[in-house]
Structure formats: C-alpha cells, structure tokens
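Residue-level listing of the chains:
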Amino acid sequence: MDTKLGNVNILAIETSCDETCASVVRDGREVLSNIVASQIDLHKIYGGVVPEIASRKHIQTISIIIEEAMDEANMKFADLDAIAVTCGPGLVGALLVGVSAAKGLSYGLDLPLIGVNHIEGHICANYIEYKDLEPPFLSLVVSGGHSHIIMVEDYGVYRLIGQTRDDAAGEAFDKVARVLGLGYPGGPIIDKISAKGDPYWVEYPHGSIEGHPYDFSFSGLKTAVINHLHTMEQRGEAFKVEDVAASFQRAVVDVLAERTILAVKKLQVDKITLAGGVSANSKLRHEFKKVCNKEGLKLYYPPLNLCTDNAAMIGSAAYYNYINDKVADLTLNAYPNLTIV
Ligand code: KG4
Ligand code: ZN
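Residues numbered from 1 in each chain as written. Chains lettered and ligands numbered in written order. Predicted model: local features only at pLDDT ≥ 70, side-chain atom pairs only at ≥ 80, totals over all residues. Heavy atoms only, no water.

**Brief notes about the sheet that holds strand 6 (residues 137-142)**
Next, step 1: On the basis of which strands lie adjacent, the open sheet formed by five strands has the order 8-7-6-9-10 and mixed pairing. Of all strands in the sheet, those bounded by a partner on one side alone are strand 8 (157-163) and strand 10 (298-300). With direction set aside, neighbouring strand axes in the sheet form an average angle of 25°.
Next, step 2: Pairing of strand 9 (residues 271-275) with strand 10 involves three bridges; the strand directions are parallel. Looking across to strand 10, one finds that I272 is bridged to L299.
Next, step 3: Lying on the sheet, helix 4 (residues 118-129) is in contact with strand 6, strand 7 (147-154), strand 8, strand 9 and strand 10; it crosses strand 6 at an angle near 120°. (Pairing = 2+ DSSP bridges. Helix = DSSP H or I, 4+ residues; strand = E, 2+ residues; numbered from the N terminus. Axes fitted to C-alpha atoms, helices over the stretch in contact; angles between N-to-C directions. Contact = heavy atoms within 4.5 Å.)

Structure follows, in structure tokens:
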C-alpha cells in the first residue's frame, strides 16, 4: 500500500469516555497539536465514570478543545484534508458528542469524514512514537475497557488472537484500587504504591481458560484479592496495602506477558507493541523489556501521554483509513460495542 501521500492534515476528535480530546495530525505520524481535557476530577468523587456527567461535560468542552487544537497547530480550517472521530467502542452519549461535532465540521467544511475504532487508535499511537514502525506486528491492547491480543497484519488489517472473557485489565486495577480505598483511576495509584510493596508477598491466581491459551480472565483475580482482604480483616491480621497492590499488579503483568509471548511465538513475529492506558504501567513495561530482550523480540510502547486516551492516536489511525478510501458519510453513528475485527 502507498502510505505516503504527503501533507495530509487531519483534525481528529475523541470523546469515547472521560477525556475530551482534539488533535491535528499530519500524514499519520506527525502530531501538530494534541489537546486533552480530562474529566477525572468530576468523576473521582463517584469512584468511576458517570456516563451522563461525561456526556454533558463533553458538550460543554468540545468546541473549545477543537479551537485550541487548531490554534496550537497554527492551522485554519481551510488547511485541513479530513475530519476524524472515534465512533466506538465507548459510552454512547459520550461518543455521540464527538460524532456530532465531527459531522457538523465535515458538512460545513465539505471535508471527508472518517470514523475510527478506538482500539485501533490505541494501536496506532505507536506509529506516532516510532516513525519506522510498520506492520506486521503483534499488539497487546490493555485499557479500562479492553484487553486484546491482536495481530496487526497490515495497516487497518487486524486478527483477534485473544481477549478478556470478563473484566478488562484496567478495570481490574480500578476495582482493586477502590476496594483498597485508593481512589480513581486505580491503575496509576497501584503502579506508584507497588514500588514500596513486595510483589511476592502472596500468589494470586492467574485465571486461565481451558482450550484458549491467549484469552484472559481478570474477574477471578479481582475476587481473589477481595476475599483475601476480607479473610485477613476477619482474622484481625495486619497487612500492608503496598504488598497487596504489588502482588496483584505482578499477577496481572505476569498473565499479560505470558500469554502475549506465547502468541508471538506461535505466530512467529518478532515485534510486539503495547497500547492502551495500562501500557503506562511501569512493571508491565519493565517485564516486557526483560522478556523481549531474552527472546530477541523488538518491543514498542507509546510515551505516557499517548497510552491513555487522546485524539492524536485517532488522527494516526484515520490517516491509514483515509489513504485506503475508508471514509464515512453523514449517517455515521456512535457504536458503543464496536469491535476491531
Ligand atoms: O486507554 P484508557 O485511557 O481508557 C480506555 O480506553 O479505557 O485507559 C484507562 C485505564 C484505567 O483503567 C486506568 O486505571 C489504567 O488505564 N491505567 C493504568 C495506568 N495508567 C492508567 N493501569 C496501570 N498502571 C498505570 N500506570
Ligand atoms: Zn482508551
């Protein structure tokens, strides 16, 4: 595929969860602006994202964020070649805000509209950081809503190798953090305090699924942590929150690394990309570095600001859709359960 048209400027919008984001990306790899307005402070007090509040905040913020992205890129609307937007998966009301804004711009400016899959966006965050990265490679996508092992055969061509049967990895981090009284979102807090804990303090279960070696199950692990805490409390046994966090984190990371390495060997590829909010985890990065070194594999992961939700990754994915003529029309909708394959 010819992947270099040259000077294609795409304005991308992302509102699938609790971040209002807009970005201008050139030729899929060059970020001219990347604005993220986080709503975390609004949702924190509820211990998680409240969909209705998220949608209302997006509608208040979206136009300002788009303007900021255009200003920072030093661009006028006339300089754009296309408008891209996350159309799923995600919270339906939140997605609709971005989709409606993108449709309005596409119609008003007479520019092509590109609907982007959020999971695909996470994978493409790696293209921004590594200018020479090309498919094929294996990708581990781990976020608050998803845990997938995906074979990226070519730009926009994906094969699902494994996925979670219940909770996503990030969801498990958030739920365990809530039980430990650590606040929301739990991933970064558990990551931080685990540095002061003993990862071998206790062995939590790894949750495997018979006959499906590349799938995950994190719900059992979460329940095991909760039951363990209750038992210790009932017995009046003292414990350090840091030890629980570190042992839980080790179990998640071990499972993700084991199954990804198993898949990479089976598929005989030599490149692994990490993606999604959980790929910001320091233990996950460390473990993958170690094992990829040992196995002679090349490892890629985005910088921290491109691991969690942002619109630059959507602009990157959109470019490859654009040059492949995968454009949408004004019937584009929000698809809360959109899959990547
Ligand atoms: O990709 P993302 O921003 O949103 C979704 O698409 O879901 O991921 C958010 C998730 C949250 O569950 C959050 O706790 C987790 O990513 N996360 C982390 C870390 N930073 C964010 N999990 C573990 N360690 C981290 N450092
Ligand atoms: Zn995400």
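**Details of the environment of L95**
Next, step 1: Turning to its location among the elements, L95 is positioned in helix 3 (residues 92-109).
Next, step 2: Considering only alpha carbons, one finds L95 and N333, 238 residues apart in sequence, at a separation of 8.8 Å.
Next, step 3: Discounting residues that sit within four places of it in the chain, L95 has contacts with T15, S16, T86, C87, G88, P89, G90, A334, Y335 and P336.

**Topic: the domain arrangement of the protein chain**
Next, step 1: Each domain of the protein chain was delimited in the assignment, giving domain 1 (9-129 + 306-322) and domain 2 (137-302).
Next, step 2: Across the boundary between the two partners, domain 1 contributes 22 residues, which contact 25 residues of domain 2.
Next, step 3: Buried area between domain 1 and domain 2, both sides added, is near 1800 Å², and the carbon and sulfur share of it is 71%.
Next, step 4: Three residues stand out in domain 1 for area buried against domain 2, namely I123, N126 and C307, and they jointly supply 34% of the buried area on that side.
Next, step 5: Summed over the shared surface of domain 1 and domain 2, the result is zero salt bridges.
Next, step 6: Listed by contribution, the elements that provide at least two residues to the side of domain 1 that touches domain 2 are helix 1 (40-44), helix 4 and helix 10 (304-307). (Domains from an automatic or database assignment. Buried area = accessible area lost by both parts, 1.4 Å probe. Salt bridge = Lys/Arg side-chain N within 4 Å of Asp/Glu carboxyl O.)

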